[in-house]
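Residue-level structural notes
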Amino acid sequence: MDRNTKYHALKVDTEKCFGCTHCMKSCPTEAIRIVDGIAVIDAGRCVDCGNCLRACPVDAIYVVHDGLSQIESYKYRVVLFPSVFIGQFAEVYSEGQIYEALLKLGFTHIFEVEQPVEWLMESIKESRDEVTDGPLISSFCPAIVRLIQCKYPSLVNNISHRKAPHDLAAHFAIQQLKAQGASETEIGIFYITPCSAKMAAVKQPVAEKKSIVTGIINMKDLYNRIMKLIPKHEHIDTTEFRKYLSKEGILWCLPRGETSWYRKKTMAIDGIHNVVKFLERLENNDVPQFDFLELKSCNQGCAGGILLTGNRFLTVERLQKRAARYPRANQITTAEWNKEDVKEKLISEKIEPRPVFVLDENRVRALDKIQKMNKILCQLPGIDCGGCGAPNCHALAEDIILGKARMSSCVFLQKKYVKEQKIKPEKAYQNLEKIWGEKRFDADCNKKGGRNEGF
Amino acid sequence: MALELAFKISGGDFSNAGKASSRIKKVLKQLNIDAKSIKKIVVAIYEAEVNVAAHAWKGEVKATVGEENILVVVSDCGPGIENISLAMKPGFSTASKEVREMGFGAGMGLSNIKKNTDELNIESRKGEGTTLTFRCYY
C-alpha cells in the first residue's frame, strides 16, 4: 500500500446511498459532502471512526474485509479477537461453546488479543519516559491516533510508541506455534475487528511498515456465522487457549480498561466528540497535569464498536461479570515464554503529523483565503442546514474558497439571487440537482430513500 | 496583509475564557503554522484570557495574524497590576480564594505568557486597567 494514499475501511454503497446527510452531520472531521445525491468521503480527512456507518439509516456505508476463504491456505490458522466478541453473546452460551464454534469454522488456534496483557502494560509504562512534555496518550484506538495526526498535530509526540493488543497476541501466538515446530510461512493470523478503525490500522498501519496480521474479518459477519455453528453443549475442553487471559485483559478495551492499572494520574475518555473537546483543551494547556490518557473513539470503548451486534451496555455488563471469574494479570505465569522478544516487537515507529486543515501551503495565499472565507461567512445564513451538501455554513465557506463549491450552492442565497434576478430559476434548480441528484425532487413513491423514516 | 480577529471577555466568565485562543488556533492551523509555534501562541493567549476573567471587569483580545508573526493585544478594564515585576514572578498570585478554588490563579499566568512569546509589553494603571501586548514569530 502506497504510504501517501490513505487506506480506508469505510466505503459508500452508491446503490443504497441517497444523500440523506445523516452521516455528513455526524462526522467529527467534516470529511463528508453530498455530491450528485451521494455521500462522498474525503480520504485525507477521514479517520475511520465509523460514526457515519452508525448514523446511516439505510446501511449504505459498509466496511470491506478479507473474508474467510483465505484461511485455507495456512496449516496453522490462528484467530485473534478482542474480548468484546465474547461479550456480544447472551449468557446462555458459554465461552467454551463459542470457542468450539470457532474451531468448527476451521481455525486451529484461538487467541483473545489481550493476553498476556501484563507484557503490554509493562511496555506502555516504559514508553512514558519517551514523552518529554505533557501526558502519554494511549495508541490503542487507531481512530484517535489518526484524529490527532490530522487535527492535533502538536500532540503526536505524546502518543505512545507501542502497538495494539492484536500485535501482542499475534507475536505471542507466533512464538508459541514456533515452539511447537511451525514455520512462520505456515501460520496465518486472522484478526476479528470490532471496527473500521482497527481494520484500517491493519491494512495501513500508522507507525510500522506492515502489520503482522495476515487477514481481517468483520466481527459482525463472524458473529452471524458463529450463531449458526454454535453447539448446544461443550464437547471439548478449550480452556488451554485462555490460559493467559486475565481480568485486566478482558476489561482492556472498555472505558478505564487501560487506566485502571496505571496507578498514576490518568483520565479515560470515550466517544470521539468528547475526545475532540478534551484535546482542544489539552492543546491550550487548559487541563491539569496527567500522566496517561486513554482515549477511545466509541462510546463504551470497543463494546460500542460499529461491527458489534447487540447492545453496548449489555456487552460491558457481561464482560465485567466474566472478568470477575478470571485471575489478575500479575497472577498469571508466563515465565516459560520469551517476554523480551515480544516486547521488542511491540515498539512502533514514529508517528508523523498529517495536518489536513491547511488552506494553502503558501502562507500569504492562505491568509488571503481566510479573509475571503470570513467575507463569505457574512453572506451565508448560518443555519447549518446541509442543503448545500456540506455539513454547515462554515464548511461551505471553506469549500467555496477551495473551489469545491459556489455561493449559489447555498439554497437560501440561491432564493435571494433569484429574487434579485441574478440567476434564472431554471439555473437555480439545476444547481440543486447537481448536489442532490437528477430527478431527486420529482414525486416518486419508490425513489431511493423515499421511505426513510429518519431516526 | 494581515488578518484581524477580535473577541470580548467578561470578568468572571471562565467558561468562555478560551474562545479566543481556540478560534485563533483554528486559523493558525489553516495557515500551516508549525505545531510548536501554535502551541506557544495558544497557551499565551489562553493565559491572558484567564487573567482577564480572573481579575478584570471586562476586556478584549485583538489579534493581528500576519505572514511572519502574530501580534496580540489584550486590554482590560480592571484593577490594574500594582507591581509588574512582582506579578511576573512564577507563583506570585493576587487571585481571590474563589478563583483559586476553581483551579485558576496559581500565579503562573504572566510568567507563562513571557515564556511563550518573543516580545511582551505590559502597561497598567491602577484602578483603570491593563494592556498586554505580545508578539510571537512562527
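Residues numbered from 1 in each chain as written. Chains lettered and ligands numbered in written order. Predicted model: local features only at pLDDT ≥ 70, side-chain atom pairs only at ≥ 80, totals over all residues. Heavy atoms only, no water.

In the nomenclature of an unreviewed UniProt entry, chain B is known as Anti-sigma regulatory factor (Ser/Thr protein kinase) of Mariniphaga anaerophila.

The name recorded for chain A in an unreviewed UniProt entry is Iron only hydrogenase large subunit, C-terminal domain, from Mariniphaga anaerophila.

Quick word on the nonpolar core
Counting 126 residues, the largest nonpolar core has Phe85(A) and Ile226(A) as its most contacted members. Examining the composition of this core, we find that seven residues originate from one element, helix H7 (residues 165–179) of chain A, more than from any other. Each residue touching Phe85(A), except ones within four places of it in the same chain, is listed here: Ile98(A), Leu102(A), Ile192(A), Met219(A), Leu222(A), Tyr223(A) and Ile226(A). Within the second largest apolar cluster, 50 residues are counted, among which are Ala397(A), Cys410(A), Leu3(B) and Ile33(B). (Core = buried A, V, L, I, M, F, W, Y, C linked by side-chain atoms within 4.5 Å. Buried < 20%, exposed > 50% of the residue type's maximum accessible area, 1.4 Å probe, protein only. Helix = DSSP H or I, 4+ residues; strand = E, 2+ residues; numbered from the N terminus. Contact = heavy atoms within 4.5 Å.)

Let's talk about the domain arrangement of chain A
Residues and elements named next belong to chain A. Here chain A is described as being made up of domain 1 (10–63), domain 2 (69–345) and domain 3 (363–436). Once you take the C-alpha centre of each, domain 1 and domain 2 turn out to be 26 Å apart. Taken together, the contact pairs 13 residues of domain 1 with 19 residues of domain 2. Counting the surface domain 1 buries against domain 2, the share from its top three residues, Val47, Arg54 and Val63, is 42%. There are one salt bridge connecting domain 1 and domain 2. (Domains from an automatic or database assignment. Buried area = accessible area lost by both parts, 1.4 Å probe. Salt bridge = Lys/Arg side-chain N within 4 Å of Asp/Glu carboxyl O.)

Some points on the sheet that holds strand S1 (residues 3–10) of chain B
Residues and elements named next belong to chain B. Reading across from one edge, S1-S2-S3-S5-S4 is the order of the five strands in this open sheet, with antiparallel pairing throughout. Edge positions in the open sheet fall to S1 and strand S4 (119–125), since each of these has one partner strand only. Neighbour-to-neighbour, the strand axes of this sheet turn through a mean angle of 10 degrees, independent of strand direction. Bridge count between strand S3 (residues 69–77) and strand S5 (residues 129–137): nine bridges; the pairing is antiparallel. Bridge assignment links Asp76 to a residue of S5, and that residue is Thr130. Sheet contacts for helix H2 (residues 35–55): S1, strand S2 (58–65), S3 and S5; angle to S5, the most-contacted strand, approximately 175 degrees. (Pairing = 2+ DSSP bridges. Axes fitted to C-alpha atoms, helices over the stretch in contact; angles between N-to-C directions.)

Describing empty space enclosed by the protein
Residues and elements named next belong to chain A. Under the criterion given, the structure shown has seven cavities of 30 Å³ or more. What the largest cavity holds in volume is close to 260 Å³. For the largest cavity, the lining is made up of 20 residues, of which Ser139, Lys163, Ala201, Val206 and Ala207 are closest to its centre. Within the residue set of the lining of the largest cavity, elements represented by two or more residues are helix H6 (142–151), H7 and helix H8 (196–203). (1 Å grid on protein atoms, 1.4 Å probe; cavity = no way out; pocket = protein on both sides within 12 Å on 5 of 7 lines; lining within 4 Å. Points joined across faces, edges and corners; volume = space filled by probe spheres on them.)

Focus on the side chain of His171(A)
Tracing the chain through its elements places His171(A) in helix H7. Those residues in contact with His171(A) that sit more than four places away from it in its chain are Ile212(A), Val342(A) and Lys345(A).

Description of the interface of chain A and chain B
With 26 residues of chain A at the contact, the number on the chain B side is 25 residues. When the buried area of chain A at its contact with chain B is split by residue, Asn284(A), Arg363(A) and Leu367(A) rank highest and sum to 29% of it. Seen at the junction of chain A and chain B, the total is three salt bridges. Two residues, Glu280(A) and Lys25(B), come together in a salt bridge whose shortest N-O distance is 2.9 Å. Breaking the side of chain A that touches chain B down by element, the ones donating at least two residues are helix H11 (272–283), helix H14 (363–379) and helix H15 (393–401) of chain A. It is H14(A) that contributes the most residues to the side of chain A that touches chain B, nine residues altogether. In terms of residue class, the side of chain A that touches chain B is made up of 10 nonpolar, six polar and 10 charged. (Nonpolar A, V, L, I, M, F, W, Y, C, P; charged D, E, K, R; others polar.)

Focus: the packing of H14(A) against helix H1 (residues 19–30) of chain B
Running from N to C, H14(A) and H1(B) point in directions that differ by 130 degrees, and their axes come no closer than 9 Å. Overall, the two elements H14(A) and H1(B) adopt an arrangement that is oblique. From H14(A), Ala366(A), Ile370(A), Met373(A) and Asn374(A) reach across to H1(B), where they touch Arg23(B), Val27(B) and Gln30(B). (Parallel < 35°, antiparallel > 145°, perpendicular 65-115°, else oblique.)

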